[in-house]
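Each chain, letter by letter, is given below.
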Amino acid sequence: SNEQLRNLERAFLDDYNLKKTGHAHTIFSPSLINKYIGNTFPFVVDSLVDYDEATNTTSKEEMLDRVKLNLSILTFSINSATSIIQEPIQFDNF
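Residues numbered from 1 in each chain as written. Predicted model: local features only at pLDDT ≥ 70, side-chain atom pairs only at ≥ 80, totals over all residues. Heavy atoms only, no water.

A. Structural context of the overall build of the protein chain. A tally of regular secondary structure across the protein chain gives four helices and two strands. Each helix (α) and strand (β) of the protein chain, taken in turn from the N terminus, gives the series α-α-β-β-α-α. Over its C-alpha trace the protein chain gives a radius of gyration of 17 Å, far above what one expects of a compact globule, namely 12 Å for 94 residues. Buried positions account for 29% of the 94 residues belonging to the protein chain. Within the protein chain, residue pairs in contact and separated by at least 24 positions form 35% of the contacts whose partners lie at least 6 positions apart. (Helix = DSSP H or I, 4+ residues; strand = E, 2+ residues; numbered from the N terminus. Rg over C-alpha atoms; globule rule 2.2 N^0.38 Å. Buried < 20%, exposed > 50% of the residue type's maximum accessible area, 1.4 Å probe, protein only. Contact = heavy atoms within 4.5 Å.)

Set out below in structure tokens:
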């Protein structure tokens, strides 16, 4: 149903990254590194790039925490979306 589709799309929106980046979709958003392309799993990819480019141990640890946070957000989004998907209500009796 339309309500299911709307709720499915909403499951992939993330307020935490919206406040930080201006983008909220956990599956596809513009890259923070290259504004001309889009990323699949953008917050995970961008945090992995930041981790890879970190130069000292403290920065690496902070970036690894960010990677873990973004993976958790993505996992939560996917789990939320799967709970929304169900058989549509049948109105055959009406």
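Moving on from the model shown.
B. A look at the pattern of salt bridges. Counting across every chain of the model gives one salt bridge. Put simply, Arg-66 and Asp-50 hold a salt bridge, and the shortest N to O gap is 2.6 Å. Taken together, the residues span a long stretch of sequence, with Arg-66 in helix H4 (residues 57-84) and Asp-50 in helix H3 (residues 42-53) at a distance of 16 residues. (Salt bridge = Lys/Arg side-chain N within 4 Å of Asp/Glu carboxyl O.)

C. The arrangement of H4 in detail. For H4, which comprises 28 residues, the first-to-last C-alpha distance of 41 Å matches the rise-based estimate of 40 Å (1.5 Å per residue) to within 8%. For H4, every residue scored as buried is listed here: Met-63, Arg-66, Val-67, Asn-70, Ile-73, Leu-74, Ser-77, Ser-80, Ala-81 and Ile-84. Residues of H4 that are buried sit in contact with helix H1 (2-11), helix H2 (15-21) and H3. For H4, the capping residue at the N-terminal end is Asn-56, with a side-chain oxygen 3.2 Å from the backbone nitrogen of Thr-58. (Expected span 1.5 Å × (residues − 1). Polar contact = N/O pair within 3.5 Å; in protein donor to acceptor, adjacent residues only side chain to side chain.)

D. Spotlight on the side chain of Asn-70. For Asn-70, the position within the fold is in helix H4. Its relative accessible area of 4% is what places Asn-70 among the buried residues. Sequence-distant contacts of Asn-70, that is, excluding residues within four places in its chain, are made with Asn-17, Phe-43, Val-44 and Ser-47.

E. Up close: unusual backbone geometry. Despite not being glycine, Phe-41 has its phi angle at roughly 55°, a positive value. Positionally, Phe-41 belongs in the loop between strand S2 (38-40) and H3. For Phe-41, a relative accessible area of 33% puts it in the partly exposed group.

F. Fine view of the packing of aromatic side chains. Scanning the model with the defined rule gives zero aromatic pairs in all. Stacked on the ring of Tyr-51, the Lys or Arg Lys-60 has its end atom at 4.6 Å from the ring centre. (Phe/Tyr/Trp six-rings, centres within 6.5 Å; stacked < 30°, edge-to-face > 60°. Lys NZ or Arg CZ within 6 Å of the ring centre and 35° of its normal.)

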